[in-house]
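Each chain, written out:
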Amino acid sequence: MRHRLIIGNWKLNGNKNITKNFIKSLCTELSNISFCDIAIAPPAVYLYLAKQEISNINISLSAQNVDINLCGAFTGETSADMLKDIGVKYVIIGHSERRTYHKETNDFVAKKFQVLKQSGLIPVLCIGETQEENEAGKTEEVCSNQIDAILKTQGILAFQKSVIAYEPIWSIGTGKSANPIQVQKVHNFIRNYLKKQDTTIAEQIIIQYGGSVNDEKKATEFFMQPDIDGILVGGASLKLNVFISIIRAIATTNKNLKSELNIIK
Ligand code: 13P
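Calculation notes
- Residues numbered from 1 in each chain as written.
- Predicted model: local features only at pLDDT ≥ 70, side-chain atom pairs only at ≥ 80, totals over all residues.
- Heavy atoms only, no water.
- Pairing = 2+ DSSP bridges.
- Helix = DSSP H or I, 4+ residues; strand = E, 2+ residues; numbered from the N terminus.
- Axes fitted to C-alpha atoms, helices over the stretch in contact; angles between N-to-C directions.
- Contact = heavy atoms within 4.5 Å.
- Salt bridge = Lys/Arg side-chain N within 4 Å of Asp/Glu carboxyl O.
- Buried < 20%, exposed > 50% of the residue type's maximum accessible area, 1.4 Å probe, protein only.
- 1 Å grid on protein atoms, 1.4 Å probe; cavity = no way out; pocket = protein on both sides within 12 Å on 5 of 7 lines; lining within 4 Å.
- Points joined across faces, edges and corners; volume = space filled by probe spheres on them.
- Nonpolar A, V, L, I, M, F, W, Y, C, P; charged D, E, K, R; others polar.
- Expected span 1.5 Å × (residues − 1).
- Bend = angle between axes of the 7 residues up to and from the residue.
- pLDDT = per-residue confidence, 0-100.
- Near = heavy atom within 4 Å.
- Polar contact = N/O pair within 3.5 Å; in protein donor to acceptor, adjacent residues only side chain to side chain.
- Areas by Shrake-Rupley, 256 points an atom, 1.4 Å probe, with all protein chains shown as cover.

> Explain the sheet that holds strand β7 (residues 206–209) to me, using residue names and the numbers behind them.
Spatially, β1-β2-β3-β4-β5-β6-β7-β8 is the arrangement adopted by the eight strands of the closed barrel, whose pairing is parallel. Direction aside, neighbouring strands of the sheet carry axes that sit 25° apart on average. With four bridges joining them, strand β4 (residues 90–93) and strand β5 (residues 122–127) adopt parallel strand pairing. Its bridge partner being in β5, Y90 is matched across the sheet by I122. Those strands touched by helix α1 (residues 16–29) are β2 (36–41) and β3 (59–63), and its axis lies near 170° from that of β2.

Pasting the structure below:
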């Protein structure tokens, strides 16, 4: 069964104190939470510090990037094995900010996906269209091309125990989150696209939405959709109370989880 997953992508933000205090408070506030997985993705330099502060089993660590090589003369890079070594579970790849500012192509992102699978880490594959592509009705074409780069090189089995994050570029950091019903349609398209290859894998894959989810109300609207399994939170993941309220939205949208609400202070 797929489960709910919320990842806080801190991007290029934070410092030693923020990392320590945030993780410590998060663990206290969410003690014994069991209805979803939560991961924090601080900058690479703070990953190890964050790991040392994590005291709840359902709070994990995510990296924001990885190199395609495992070791060698690649100055400035971080390998999948190194991330694994310090206790990282998820790794965000293909984020639009890396595709834009670092010119990462679909083929290059596919190589990252492969190295993560080989190292036993969980890729969080970001896909999504630009504003222009959206207006031209090309959302499905863009998303399927981004997925195809992995399907063609690694096959559908690579998507077992993987995560896809649909992040329409025009909604990232703009305060303009996409319409939950339209997002549901895209998520359903993604799941059906994978279903053509393998129904079980498609049913089990976690598909997150990301883009200006800044409060509990918005998060609730997304969680009410059947194919939206989680949120990749950007800016709001740096505000402890807001981040917790987004997590709280999961429990309020699922009757079976309401009994667990009392464990979130
Ligand atoms: P915002 O939530 O700040 O829009 O960022 C979303 C995102 O890019 C997460 O990876």
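There is more to say after this.
> Please give an account of the pattern of salt bridges that cites residues and values.
Evaluated as defined, the whole model comprises 11 salt bridges. Note that E203 and R2 form a salt bridge whose closest N and O atoms lie 3.5 Å from each other. Here R2 lies in the segment before β1 (4–9) and E203 lies in helix α9 (residues 199–204), a separation of 201 residues in the sequence. In this structure E203 comes out as partly exposed when scored by relative accessible area, which is 34%. Connected via shared salt-bridge partners are R2, R191, K195, E203, D227 and D229.

> Please set out the layout of surface pockets residue by residue, giving values where relevant.
With a probe scaled to a water molecule rolled over the atoms, the places where space remains empty come into view. Considered as a void within the structure, the largest pocket measures approximately 480 Å³ in volume. Around the largest pocket sit 21 residues that line it, and K11, Q64, N65, R98 and H102 are the ones nearest its centre. Ranked by the residues each element gives to the lining of the largest pocket, the list is headed by helix α4 (residues 96–101), at three residues. Of the residues assigned to the lining of the largest pocket, the class counts are nine nonpolar, seven polar and five charged. One number sums up the size of the second largest pocket: a volume of about 290 Å³. Lining the second largest pocket are 16 residues, and of these H3, K161, S162, Q204 and I206 lie nearest its centre. Grouping the constituent residues of the lining of the second largest pocket by class yields eight nonpolar, four polar and four charged.

> Tell me about helix α7 (residues 139–154), and name the residues and values.
The end-to-end C-alpha distance of α7, which contains 16 residues, comes to 23 Å, matching closely the 22 Å that a straight helix rising 1.5 Å per residue would cover. Bending of α7 peaks at approximately 30° at the position of I147. Every buried residue of α7 is listed here: T139, V142, C143, S144, Q146, I147, D148, A149, I150, L151 and Q154. Against α4, α5 (106–119), β5, α6 (131–135), β6 (163–166) and α8 (180–195) lie the buried residues of α7. Following α7 by one or two positions, G155 has its phi on the positive side, about 80°.

> Any details on the confidence of the model for the protein chain? Residues and values, ideally.
Of the residues in the protein chain, 95% have a pLDDT of 70 or more, and the chain-wide mean is 94. Counting contacts from residues 258–265, a segment whose pLDDT is below 50, to residues more than four positions away or on other chains yields 20 contacts.

> So what's going on with the site of the ligand? Residues and values would help.
The environment of the ligand is formed by N9, K11, H95, E167, S171, I172, G173, G211, S212, L232, G234 and G235. Within the contact set of the ligand, an oxygen atom lies 2.9 Å away from a side-chain nitrogen or oxygen of E167. In this structure, G235 approaches the ligand through a main-chain N or O atom, which is 2.8 Å from an oxygen atom. Protein coverage of the free-state accessible area of the ligand, which is 300 Å², stands at 95%. By residue class, the composition of the shell around the ligand is two nonpolar, eight polar and two charged.

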